[in-house]
Amino acid sequence: MDVESYNVELEDDEGFNGDRASYTAFRKLLEDWRKAMRKSDEDPFGDKDSKDIPKRRLDASLADGDAEAGGIVQGAIEDFAQEFAMVIRKFLKLKAWCDTERIAVGGGFRDSRFGELAIGRTSVILKAEKIAIDLVALHNDPDDAALIGAGHLAPRWMFEGHEAILAIDIGGSSIRTGVVKLHLKKAPDLSKASVWKMEEWRHASESKKPRREDAVERLASMLEDMIGRAKKEGLALAPFVGVGCPGIIAADGTIERGAQNLPGKWNSKSFNLARSLAEKIPIIGGFDIAVVMHNDAVVQGLSELPYMTDIRRWGVFTVGTGLGNAQFTNRHEQEGEDASADRR
């Protein structure tokens, strides 16, 4: 497959379109409905800030909770779906996104019942407008998908004789490391890959925003912990680390732009995360380590590769702090290895 585009930033007079279909935007829409409710009655969610209401409480309100609380969440779902549909329409007008047949939706927003309903409502809106697009949720839990997709960043021969790889998911609020069991004997296409162990550091919750150097040290420590766990279990790790990171990733491994939510200045020609990690952890299992990095939406999208073989053009949206995006084209067999574009 080819990565046709990623990290597209559509902008109009009101700002970046993607910001209107992010998890942050949903929470704002929820707050708008609560404010309207307070003008005439008591807010069923009390005084808690909308961004701090747990997902499980919002989900519960849609099942057997207070009817008015459920109505507020339903209102936010409808408003979000209208905005999301608008953003998708604009993406489908782009050259790289035209003829897209299916879009998988991931990110933290999808990992909730209200998120699933919003995705479903968006799909209904688009189909009612006769826009031929399938909108589906990621097959894997979004947190798992962001790590499992790293297995598609390297050719299979790199993993021969090994059972698992290390993977990293870097986000605007947290950084996660994990060990991904490949299960290549069961499924060479990685459709059976799974996250064995995972560790998360919520850097956004720190009282003092960490420096970039602190984040790299913490990340290296987390990887060493994962290596230790795998060794204790007798799990054969490949000398490979796959990294998903926000922004435009240059060929040399630096971040050109789009990493403004990370702790410190990451988009700099003088900073190379892959190189820094390889220097701190140079060897795994007696072999020199290879660190491969790509955009986080691309990596999360790659986890869907085994389920997209029946179509040619497909995309992914990750609804989180912002709206990540990536578009892919599956190659026809006759195109061979000479097909042009940004390869896997």
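Refer to the structure above for everything that follows.
Overview of the structure. (Residues numbered from 1 in each chain as written. Predicted model: local features only at pLDDT ≥ 70, side-chain atom pairs only at ≥ 80, totals over all residues. Heavy atoms only, no water.)

Some remarks on the nonpolar core
As a rule of thumb, nonpolar side chains are buried together in soluble globular proteins. Ile168, Ile170, Trp266, Leu273 and Phe328 are the most contacted members of the largest nonpolar core, which totals 65 residues. Of all the elements, helix 6 (residues 212–233) adds the most residues to this core, at 7 residues. Once residues within four sequence positions are removed from consideration, Phe328 is found in contact with Met1, Asp2, Val3, Glu4, Val298, Gly301, Leu302, Arg312, Arg313, Trp314, Gly315 and Val316. With 38 residues, the next largest nonpolar core counts Ala76, Phe114, Ile125 and Ile133 among its residues. (Core = buried A, V, L, I, M, F, W, Y, C linked by side-chain atoms within 4.5 Å. Buried < 20%, exposed > 50% of the residue type's maximum accessible area, 1.4 Å probe, protein only. Helix = DSSP H or I, 4+ residues; strand = E, 2+ residues; numbered from the N terminus. Contact = heavy atoms within 4.5 Å.)

Details of unusual backbone geometry
Within the chain, Asn7 stands out as a residue other than glycine whose phi angle is a positive 55°. Topologically, Asn7 is positioned in the loop between strand 1 (2–6) and strand 2 (11–12). For Asn7, a relative accessible area of 15% translates into the label buried.

A look at the side chain of Ser5
The topology assignment puts Ser5 in strand 1. A distance of 3.3 Å separates polar atoms of two side chains, one belonging to Ser5 and the other to Trp97. If we skip the residues at most four places from it in the chain, Ser5 touches Ala96, Trp97, Ala326 and Gln327. (Polar contact = N/O pair within 3.5 Å; in protein donor to acceptor, adjacent residues only side chain to side chain.)

Focus: the sheet that holds strand 9 (residues 237–245)
The strand order 8-7-6-9-14 describes an open sheet built from 5 strands, whose pairing is mixed. Of all strands in the sheet, those bounded by a partner on one side alone are strand 8 (194–201) and strand 14 (290–295). Looking at each pair of strands side by side, their axes are set apart by 20° on average, direction ignored. When strand 9 meets strand 14, the two strands line up parallel, connected through 6 bridges. Considered in strand 14, the bridge of Gly244 is made with His294. Its contacts with the sheet put helix 6 on strand 6 (164–170), strand 7 (175–181), strand 8 and strand 9, and the angle it makes with strand 8 is roughly 145°. Against the sheet, helix 7 (residues 273–280) makes contact with strand 6, strand 9 and strand 14, and its axis sits at roughly 155° relative to strand 14, the strand it touches most. (Pairing = 2+ DSSP bridges. Axes fitted to C-alpha atoms, helices over the stretch in contact; angles between N-to-C directions.)

Some remarks on the packing of helix 1 (residues 23–38) against helix 3 (residues 67–92)
In the contact formed by helix 1 and helix 3, the axes pass within 9 Å of each other and the chain directions differ by 135°. Classified by the angle their axes make, helix 1 and helix 3 are oblique. For the crossing formed where helix 1 meets helix 3, the hand is right-handed. The segment helix 1 lies against helix 3, with Phe26, Leu29, Leu30, Trp33, Arg34 and Met37 engaging Glu68, Ile72, Val73, Gly75, Ala76, Ile77, Asp79 and Phe80. Across the contact of helix 1 with helix 3, the residue classes tally to 10 nonpolar, 1 polar and 3 charged. (Parallel < 35°, antiparallel > 145°, perpendicular 65-115°, else oblique. Left-handed = near helix turned anticlockwise from the far one by under 90°. Nonpolar A, V, L, I, M, F, W, Y, C, P; charged D, E, K, R; others polar.)

Brief notes about the layout of surface pockets
When its volume is computed, the largest pocket comes out at roughly 1,400 Å³. For the lining of the largest pocket, the elements supplying multiple residues, two or more each, are helix 1, helix 5 (142–148), strand 6, helix 8 (296–302), strand 15 (313–319) and strand 16 (323–329). (1 Å grid on protein atoms, 1.4 Å probe; cavity = no way out; pocket = protein on both sides within 12 Å on 5 of 7 lines; lining within 4 Å. Points joined across faces, edges and corners; volume = space filled by probe spheres on them.)

Digging into the environment of Leu302
Structurally, the position occupied by Leu302 is in helix 8. For the pair Leu302 and Phe328, spaced 26 residues apart in sequence, the C-alpha separation works out to 9.0 Å.

Notes on the packing of aromatic side chains
Both the distance between ring centres and the angle between the ring planes are used here to describe each pair of aromatic rings. By the definition in use, this model includes 15 aromatic pairs. Between the aromatic rings of Phe26 and Phe80, the centroid separation amounts to 6.1 Å while the plane-to-plane angle is 80°, which identifies the pairing as edge-to-face. One end of the pair, Phe26, is in helix 1; the other, Phe80, is in helix 3, with 54 residues separating them in the sequence. With respect to burial, Phe26 and Phe80 carry one shared label: buried. (Phe/Tyr/Trp six-rings, centres within 6.5 Å; stacked < 30°, edge-to-face > 60°.)

Concerning the environment of Val241
Turning to its location among the elements, Val241 is positioned in strand 9. Val241 sits in the buried class, given a relative accessible area of 2%. Taking the C-alpha atoms as reference points, Val241 and Ala274, separated by 33 residues in sequence, lie 8.9 Å from one another. With residues near it in sequence (within four places) discarded, Val241 still touches Leu166, Ile168, Ile289, Ala290, Val291 and Val292.

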